[in-house]
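# A closer look at the structure
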Amino acid sequence: MRYKKKTVWAYLDGKKLVDVVQAALDNDMTVDDMKKLLVRENPGHEVTFKPGEV
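### Let's talk about unusual backbone geometry
Backbone geometry places D13, a non-glycine residue, at a positive phi of 55 degrees. Locating D13 in the fold gives a position in the loop between β1 (6-12) and β2 (15-19). The phi dihedral of D28 is positive, around 55 degrees, even though this residue is not glycine. Inspection of the secondary structure puts D28 in the loop between α1 (20-26) and α2 (31-41).

If you want it as structure tokens, here you go:
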């Protein structure tokens with residue numbers, strides 16, 4: 001049986017931006033901290049997060 005890898009995607013103004021889980025791992029941060037950073041680094045833009053699969 002094969003398991004699908006779950007992740008969280010960040011969207012900037014409706015366009016897929018980055019895999020939040022992978023970005024957090026790469027930067028030695030928690031997913032929650034990475035989400036806050038993405039929102040803070042993109043003022044004036046709509047940043048949304050949606051679960052997904054890789």
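### Describing the sheet that holds β1
Across the sheet, 3 strands lie side by side as β2-β1-β3; this open sheet has antiparallel pairing. Among the strands making up the open sheet, the edge pair consists of β2 and β3 (47-53). Strand-to-strand twist in this sheet, taken as the mean axis angle between neighbours without regard to direction, amounts to 40 degrees. Where β1 and β3 come together, 7 bridges link them in antiparallel fashion. Among the inter-strand pairings, W9 is bridged to a residue of β3, identified as K50. Lying over the sheet, α2 contacts β1, β2 and β3, oriented at roughly 140 degrees with respect to β3.

About the cut-offs
- Residues numbered from 1 in each chain as written.
- Predicted model: local features only at pLDDT ≥ 70, side-chain atom pairs only at ≥ 80, totals over all residues.
- Heavy atoms only, no water.
- Helix = DSSP H or I, 4+ residues; strand = E, 2+ residues; numbered from the N terminus.
- Pairing = 2+ DSSP bridges.
- Axes fitted to C-alpha atoms, helices over the stretch in contact; angles between N-to-C directions.
- Contact = heavy atoms within 4.5 Å.

Any functional reading would require information that these geometric values do not contain.
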